[in-house]
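# Examination of the molecular architecture
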Amino acid sequence: TMGVLTSPSLEDIFLVKSSKPCASFSNVPAIDITAPTAAADIVAACIDFGFFKVTNHGVSKSLTARLEAAAIDFFSLPEWEKLEKAGMANPFGYGNKKIGCNGDVGWLEYLLLEVTSNPSLTIPFLKESWASSFCSALKEYVSATRKLASEMLELMAEGLGLEQRNVLSKFVNDENSDSFFRLNHYPPWPMLQGSNNNLNGFGEHTDPQIISVLRSNDSDGLQIALKDGSWVLVPPDQDSFFVNVGDSLQVLTNGRFRSVRHRVVTNGRKSRFSMIYFGGPPLAARIEPLPQLLGDQEQSRYRAFTWAQYKTAAFKSRLADNRLVCFENH
Ligand code: GA4
């Protein structure tokens, strides 16, 4: 009748109507970082996919389990308490369904944290309970994944034939490195059972930083786009870490490495929990193709920018935007 405004239902917003089934990416490059071929294998994976998984990573299973258990406890608190404990995401804090501040939404709740060199500043809102199991697990886990990220960046430098082993890792090891940590919970949607519909958990995007290190529980949902634009499912593996090349690493390598487009589509059957360390450079760092990498006739494909500039632009963009186009040289 006249005057009745109809708003979209939850289904309209979050359901992905079953389209053609997505193929499973059964041969995700798996890199044993202790193997003698690790450097070359990582470089090949970054060129071909911008994505790989790491085994033999040395991060203890019990540490990961401790943090996951603490995250599950946090997400099972009532909504008001999560907001009270973490503050509403802006961008840091507790967020529910809203991603960023430009209208993107997803069927998830999350905690987004800034990783500072002073860990008590990482989650100021939890300061009083800094000694709690959550904070101690978080602190240890972030330092373990940062170390892993740094090792992989050194293997990349080696594989690229760069003399200086720390040309890439120095960005994330810098005491002013602007790194983030994210805990995601994709809740089930019981009514979806038996249907072929899926949920838009986290829309397609590339990560702005240098490198992202992701670990999830044994629940599928992660998909990546291959070079030809087709989407493939990444089979879950709770004992390995998945690594994404970010936009900044694509620039540093003058486009040799590919910043991988990825998304999360869930089936609503069980909770998916993921935790991601995003290794970023210091705000003042200049991001441009490494001169040592540019061949004789090779032009730089990107204009130099500071991480602060890129980050500001990124946070004004929509999730699915290509954030590198405006820095490309033509
Ligand atoms: C994608 C990668 C990281 O999760 C993130 C995201 C950030 C956010 O969730 O606040 C952004 C997104 C991410 C890129 C575009 C902007 C900013 C949401 C959004 C719409 C923490 C990041 O650094 O960039």
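Residues numbered from 1 in each chain as written. Predicted model: local features only at pLDDT ≥ 70, side-chain atom pairs only at ≥ 80, totals over all residues.

Another point: the sheet that holds strand β6 (residues 104-115). Strand order in the open sheet made by the eight strands is β3-β4-β12-β9-β14-β7-β6-β5, with mixed pairing throughout. The strands lining the two open edges of the sheet, one partner per strand, are β3 (30-32) and β5 (93-99). Taken pair by pair, the neighbouring strands of this sheet meet at an average axis angle of 25°, ignoring direction. Pairing analysis gives seven bridges linking β6 to strand β7 (residues 179-186), with the strands arranged antiparallel. Bridge pairing in β7 links L112 to R182. Strands β3, β4 (51-55) and β12 (241-245) of the sheet are contacted by helix α2 (residues 38-48), whose axis makes an angle of about 155° with β3. (Pairing = 2+ DSSP bridges. Helix = DSSP H or I, 4+ residues; strand = E, 2+ residues; numbered from the N terminus. Axes fitted to C-alpha atoms, helices over the stretch in contact; angles between N-to-C directions. Contact = placed C-beta atoms within 7 Å.)

What follows covers the nonpolar core. Counting 75 residues, the largest nonpolar core has I42, M152, M156, I211, V213 and V243 as its most contacted members. Element by element, the count of residues in this core is highest for helix α5 (residues 133-159), at 12 residues. For V213, the contacting residues outside a window of four places in its chain are T145, L148, A149, F241, V243, I276 and Y277. (Core = buried A, V, L, I, M, F, W, Y, C linked by C-beta atoms within 7 Å. Buried ≥ 20, exposed ≤ 12 C-beta atoms within 10 Å, placed from the backbone.)

Within strand β13 (residues 262-266), five of the five residues are buried, which leaves it mostly tucked inside the rest of the structure. Burial along β13 is two-sided: the face carrying H262, V264 and T266 and the face carrying R263 and V265 are both buried. Pairing geometry for strand β8 (residues 198-205) and β13, over four bridges, is antiparallel. Among the inter-strand pairings, F202 is bridged to a residue of β13, identified as V264.

Our focus in this paragraph is unusual backbone geometry. Note the cis peptide between N90 and P91, where omega equals -10°. For P91, the position within the fold is in the loop between α4 (79-86) and β5. The backbone phi angle of N56 is positive, close to 55°, even though this residue is not glycine. Among the secondary structure elements, N56 is positioned in the loop between β4 and α3 (61-75). A positive phi angle, close to 50°, is found at N254, a residue other than glycine.

Another aspect to go through is α5. Taking 1.5 Å per residue as the helical rise, α5 with its 27 residues ought to reach 39 Å, and the 39 Å between its terminal C-alpha atoms agrees with that figure. Just past α5, the residue G161 takes up positive phi, approximately 75°. (Expected span 1.5 Å × (residues − 1).)

As a further point, take the sheet that holds strand β10 (residues 222-225). With mixed pairing, six strands are arranged side by side in an open sheet as β1-β8-β13-β10-β11-β2. Two strands bound the open sheet, and with one partner strand each, they are β1 (15-16) and β2 (23-24). As paired strands, β1 and β8 are joined by two bridges and run antiparallel to one another. From the neighbouring strand, L15 faces β8, where its bridge partner is L199.

As a further point, take the pairing of β12. For β12, a buried count of five out of five residues is recorded, marking the element as mostly surrounded by other parts of the structure. Burial of β12 is two-sided: the residues F241, V243 and V245 facing one way and the residues F242 and N244 facing the other way are all buried. Pairing between β4 and β12: four bridges, direction antiparallel. Among the inter-strand pairings, F52 is bridged to a residue of β12, identified as V243. Across four bridges, the pairing between strand β9 (residues 211-216) and β12 is antiparallel. When the bridges of β12 are listed, V213 appears paired with V243.

Turning our eyes to something else, we now look at the UniProt feature "domain: Fe2OG dioxygenase" (unreviewed entry) in the protein. According to UniProt, the "domain: Fe2OG dioxygenase" (unreviewed entry) feature falls on residues 176-281. Secondary structure within residues 176-281 divides into 6% helix and 44% strand; the distance between the first and last C-alpha atoms comes to 8 Å. (UniProt positions renumbered as here; feature names shortened; annotations may be inferred.)

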